[in-house]
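# Observations on the three-dimensional arrangement
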Amino acid sequence: MDKRKDYISWDEYFMGVSRLSAMRSKDPSTQVGACIVSEQNKILSMGYNGFPCGVSDDEFPWAREGDELETKYPYVCHSELNAILNYRGGSLDGTKIYVSLFPCNECAKAIIQAGIKTVIYADDKYNGTPGNVAAKRLFNAAGVRYYKYQPSGKSVTIEL
């Protein structure tokens, strides 16, 4: 008997984990997940966007617009930063990060500082905005490779 030929690729697997992680986010408008992977294709860490540990997501705002302190933006930790901070195993030099949304400039700095060398993203929703342009400029200057995930069209159903 020959091995299966319809198994998912590494990119499909890790982007799937990233998207599953995003489902933990309580953000009503944007759910983002991240998965950091070693050069040997082992999952090292995961994260999703949400408030810092110990900060009640019932007492802080989820709004996108209004007075800045009454929006989510000063309080939410992005998925990439959470994945980096969740890692407890030492160095992330040479790793890859799979993200469901292209990283902002602040996360780009953290990715570079952590030693992550490749970013694979599913969506570039904010392409052309100042933060997005700055992130790409930072990645280019630091030699961080980034590319858009190419979906295969496969569908997976998980019963939870």
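Scroll up for the structure.
A brief structural summary. A quick note: this is a predicted structure, and the numbers were derived from the prediction, not measured.

## Some remarks on the packing of helix H2 (residues 79–86) against helix H3 (residues 105–114)
How two helices pack is summed up by the angle between their axes together with the distance between the axes. Packing of H2 against H3 leaves a shortest axis separation of 9 Å and a crossing angle of 30°. Considering the angle they form, H2 stands roughly parallel to H3. At the point where H2 passes H3, the crossing takes the left-handed sense. Facing H2, whose interface residues are Glu-80, Leu-81 and Ile-84, H3 presents Cys-107, Ala-110, Ile-111 and Ala-114. Tallied by class, residues from the contact of H2 with H3 come to 6 nonpolar, no polar and 1 charged.

## Quick word on the sheet that holds strand E2 (residues 43–48)
Read across the open sheet, the 5 strands follow the order E2-E1-E3-E4-E5; overall the sheet is mixed. Looking along the sheet, the strands with just one partner apiece sit at the ends: E2 and strand E5 (145–148). This sheet shows a mean twist of 15° between the axes of neighbouring strands, independent of strand direction. In the sheet, strand E1 (residues 33–37) pairs with E2 via 5 bridges, with the strands oriented antiparallel. Counted as the bridge partner of Ile-36 is Ser-45 from E2.

## A short note on the nonpolar core
Judged by nonpolar contacts, the single largest core of 19 residues is most densely connected at Ile-84, Ile-97 and Ile-116. Put simply, the parts of the chain that give this core at least two residues each are E1, H2, strand E3 (96–101), H3, strand E4 (118–123) and helix H4 (130–142). Here this core gets 4 residues from one element, more than from any other, and that element is H3. Apart from residues lying up to four places away in sequence, Ile-97 is in contact with Ala-34, Cys-35, Ile-36, Glu-80, Ile-111, Ile-116, Thr-118, Val-119 and Ile-120.

## Description of the packing of H3 against H4
Closest axis-to-axis distance for the H3/H4 pair is 8 Å, and the angle between their directions is 20°. The pairing of H3 with H4 is recorded here as roughly parallel in orientation. In terms of crossing hand, the pair formed by H3 and H4 is right-handed. Of the residues in H4, those in contact with Asn-105, Ala-108, Lys-109, Ile-111 and Ile-112 of H3 are Gly-131, Ala-134, Ala-135, Leu-138, Phe-139 and Ala-142. For the contact of H3 with H4, a count of residues per class yields 8 nonpolar, 2 polar and 1 charged.

## Comments concerning the packing of aromatic side chains
All chains considered together, the criterion is met by 11 aromatic pairs. Judged by centre distance (4.5 Å) and plane angle (45°), the rings of Phe-51 and Trp-62 are tilted. Here the residue Phe-51 occupies a position in the loop between E2 and H2, and Trp-62 occupies one in the loop between E2 and H2, the gap between them amounting to 11 residues. Where Phe-102 meets Tyr-146, the ring centres are 5.5 Å apart and the plane angle is 80°; that geometry is what we call edge-to-face. Here Phe-102 is found in the loop between E3 and H3, whereas its partner Tyr-146 is found in strand E5, with 44 residues between them in sequence. On the accessibility criterion, Tyr-146 (24% relative accessible area) is partly exposed. Taking the ring centre of Phe-102 as reference, the NZ or CZ of Lys-136 above it sits at 5.0 Å.

## Concerning the pairing of E3
Where a strand is regular, its side chains alternate between the two sheet faces. Counting buried positions along E3 yields 5 of 6 residues, so the element is predominantly enclosed. Pairing between E1 and E3: 4 bridges, direction antiparallel. By the bridge assignment for E3, Val-37 is matched with Lys-96. Pairing of E3 with E4 involves 5 bridges; the strand directions are parallel. Within E4, the position partnered with Val-99 by the bridge is Tyr-121.

Parameters and conventions
- Position numbers for residues count from 1 along each chain, tracking the sequence in the order it is written.
- In view of the model being predicted, local features appear only for residues whose pLDDT reaches at least 70, and side-chain atom pairs are presented and counted only at 80 or more, with totals across whole chains, interfaces and linings using the full set of residues.
- Side-chain numbers here rest on the full set of heavy atoms in the structure, without hydrogens or water.
- Every angle, taken between N-to-C directions, lies between 0 and 180 degrees, and every axis is a line fitted to C-alpha atoms, over only the stretch in contact when it is a helix.
- Under the scheme used here, helices are H or I runs from DSSP no shorter than 4 residues and strands are E runs no shorter than 2 residues, and both carry numbers assigned from the N terminus.
- Relative orientations are named as follows: roughly parallel for angles under 35 degrees, roughly antiparallel for angles over 145 degrees, roughly perpendicular for angles from 65 to 115 degrees, and oblique for any other angle.
- Here a crossing is called left-handed whenever its near helix is offset anticlockwise from the far helix by less than a right angle, and right-handed whenever the offset is clockwise.
- What makes two residues a contact is simply this: any of their non-hydrogen atoms within 4.5 Å.
- Polarity classes work like this: nonpolar for Ala, Val, Leu, Ile, Met, Phe, Trp, Tyr, Cys and Pro, charged for Asp, Glu, Lys and Arg, and polar for all others, with Gly in that last group.
- When DSSP locates at least two bridges between a pair of strands, those strands are taken to pair.
- For the purposes of this section, nonpolar cores are sets of buried Ala, Val, Leu, Ile, Met, Phe, Trp, Tyr and Cys residues that join through side-chain atoms within 4.5 Å.
- Each residue's exposure class comes from its accessible area (1.4 Å probe, protein chains only) as a fraction of the maximum for that residue type: buried when under 20%, exposed when over 50%, partly exposed otherwise.
- Put simply, two rings from Phe, Tyr or Trp (the six-membered ring, in Trp's case) pair if the centres are within 6.5 Å, and we call them stacked under 30 degrees between planes, edge-to-face over 60, tilted for the rest.
- The criterion for a charge sitting over a ring is simple: Lys NZ or Arg CZ within 6 Å of the ring centre, and within 35 degrees of the ring normal.

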